[in-house]
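# Structural features, examined
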Amino acid sequence: MTIVHACLRGGRGGSPTAVVAEGLSTSTDSPLTDDERRRVPALAGTSHAVFLSNDPAPADGPADVRPVVTARFFTTEGALPACGHGTVAALAFLAAHAGREEHRVEVRVSERVITGRAVLGASASSVDVTFGAGPIDLREPTPYELGLLLPALGLPAAAATGACNATLGRPRLLVPVPSRSALAALAPDLDRLTAVCTRLDLLGCFVHSPGGETGRVAARMFAPSIGVPEDIANVNSSACLAAHLLARNGTPRIELDMGDGLGCPATVTARPRGASPGALVDITGAARIGQVLHFSV
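Please read all numbers here as calculations on a predicted model, not as lab measurements. (Residues numbered from 1 in each chain as written. Predicted model: local features only at pLDDT ≥ 70, side-chain atom pairs only at ≥ 80, totals over all residues. Heavy atoms only, no water.)

### Structural notes on the nonpolar core
One finds Leu 52, Phe 131, Leu 256 and Ile 283 to be the most contacted residues of the largest nonpolar core, which totals 60 residues. Looking at this core element by element, the count peaks at eight residues for helix α2 (residues 84–98). Once you skip the residues sitting within four places of it in the chain, Phe 131 turns out to touch Gly 84, Thr 87, Val 88, Leu 91, Ile 114, Thr 115, Gly 116, Val 235, Val 281, Asp 282 and Ile 283. Of all hydrophobic cores here, the second largest spans 23 residues; its members include Leu 149, Leu 155, Leu 186 and Leu 193. (Core = buried A, V, L, I, M, F, W, Y, C linked by side-chain atoms within 4.5 Å. Buried < 20%, exposed > 50% of the residue type's maximum accessible area, 1.4 Å probe, protein only. Helix = DSSP H or I, 4+ residues; strand = E, 2+ residues; numbered from the N terminus. Contact = heavy atoms within 4.5 Å.)

Next up, the structure:
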């Protein structure tokens, strides 16, 4: 497996993600079972792992797009239908192994094919990645949902103003706080939040500061029900927030800072392609190819 640090900020930090090329070689090794895939994040010391294999039925596409690769994402709790920073890591990994300055590839994630573009940086281990996340469904959370979630987050009822239930792969709650300092001071009851998210079938809660006119936002993602108490970088939630802020405030583009409290600064840029419901959001993030590890699962 290769550790890819996804969504760097100024060349530092990022979310370490284990990338396993299960079926991209001529190896005759048997594929891993899902139980074995669940062990990989713990062995690698990462929150997530992505498993890549050749898609049996690649989609038609432009001549400069390579055949479709299937990506599957796992935490220690099991499979996920999608993972944004895992997609960044996968695209960076594929570009680095292709050895071209610019690499385009189609990646099948669940039932959707994502076309991604990756450009090698000045260093061979540095890659800039762009892909379209979506479509995204937005709705107002119910009083019942907020009545369970806000106390678990340690937030007052006033935080309900501006909250949103957003679905990209799985639903999650987007909830604002007044400032970056309030965000940094947040200390959710993780056991309570786990129980509530499981009960409501939510991925987790994405708590964010105001964006202001600059579109620069800080955020923290709490997803203990999938085995991730706090995520260093959550790209899909960033895309959801970009779609929400465009619909609510007309904000055309945001930059999300995450991971500071975990000692791994991460940043992702999210730009909605249009204001229509379900529009795609273009994601841009930098990644660094890290060490290669060998384990027996």
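### As for the environment of Leu 80
For Leu 80, the position within the fold is in strand β5 (residues 78–80). Considered as a pair, Leu 80 and Val 109 are 29 residues apart in the sequence and their alpha carbons are 9.9 Å apart. Apart from residues no more than four positions distant in its own chain, Leu 80 is found in contact with His 48, Phe 73, Thr 75, Leu 203 and Ile 226.

### Some points on the state of the cysteines
Enumeration according to the criterion identifies zero disulfides in this entry. With no disulfide partner, Cys 164 has as its closest neighbouring cysteine sulfur the one in Cys 240, 8.0 Å distant. Overall, the relative accessible area of 4% leaves Cys 164 in the buried class. For Cys 240, a relative accessible area of 0% corresponds to the buried category. (Disulfide = S-S within 2.5 Å.)

### A few points about helix α6 (residues 235–249)
Here α6 spans 20 Å end to end across 15 residues, near enough to the 21 Å set by a 1.5 Å rise per residue. By the criterion of burial, α6 is predominantly enclosed, with twelve of the 15 residues buried. Residues of α6 that are buried: Val 235, Asn 236, Ser 237, Ser 238, Ala 239, Cys 240, Leu 241, Ala 242, Ala 243, His 244, Leu 245 and Leu 246. Gly 250 sits one or two positions beyond α6 and adopts a positive phi of about 80 degrees. (Expected span 1.5 Å × (residues − 1).)

### So, the pattern of salt bridges
For the structure shown, the criterion picks out 16 salt bridges. A salt bridge links Arg 253 to Glu 255, with the nearest nitrogen and oxygen atoms 3.4 Å apart. Its relative accessible area of 21% is what places Glu 255 among the partly exposed residues. For Arg 273, the salt bridge is made with Asp 282, and the minimal N-O distance between the two is 2.8 Å. Arg 273 gets classed as exposed once you look at its relative accessible area, which sits at 52%. You can call Asp 282 partly exposed: its relative accessible area is 23%. (Salt bridge = Lys/Arg side-chain N within 4 Å of Asp/Glu carboxyl O.)

### Quick look at the packing of aromatic side chains
Per the stated rule, a full pass over the model turns up one aromatic pair. Centroid distance Phe 51 to Phe 74: 5.6 Å. Interplanar angle 90 degrees. Geometry classified as edge-to-face. Highlighted residues: Phe 51 in strand β3 (residues 48–54) and Phe 74 in strand β4 (residues 65–75), separated in sequence by 23 residues. The two residues Phe 51 and Phe 74 agree in class, both being buried. Across from the ring centre of Phe 51, 5.8 Å away, lies the NZ or CZ of Arg 37, which sits over that ring. (Phe/Tyr/Trp six-rings, centres within 6.5 Å; stacked < 30°, edge-to-face > 60°. Lys NZ or Arg CZ within 6 Å of the ring centre and 35° of its normal.)

### Observations regarding the side chain of Asn 234
Mapped onto the elements of the fold, Asn 234 is located in the loop between β14 (228–231) and α6. At 3.1 Å, the side chain of Asn 234 forms a polar contact with the side chain of Asp 231. At 2.7 Å, the side chain of Asn 234 forms a polar contact with the side chain of Ser 237. Look past the residues within four positions of Asn 234 in its chain and what remains in contact with it is Arg 172, Phe 206, Met 221 and Met 258. (Polar contact = N/O pair within 3.5 Å; in protein donor to acceptor, adjacent residues only side chain to side chain.)

### Section: the pairing of strand β10 (residues 164–168)
Most of β10 sits out of view: four of its five residues are buried. With three bridges joining them, strand β9 (residues 137–139) and β10 adopt antiparallel strand pairing. Paired with Leu 138 across the bridge in β10 is Ala 166. Counting the residues in the hairpin turn of β10 and strand β11 (residues 170–176) gives one residue, including Gly 169, whose phi is positive at 85 degrees. (Pairing = 2+ DSSP bridges.)

### Thoughts on the confidence of the model for the chain
Across the chain, the average pLDDT comes to 90, with 91% of residues at 70 or higher. The weakest mean pLDDT in the chain belongs to β4 at 83; the strongest belongs to strand β12 (residues 205–208) at 98. (pLDDT = per-residue confidence, 0-100.)

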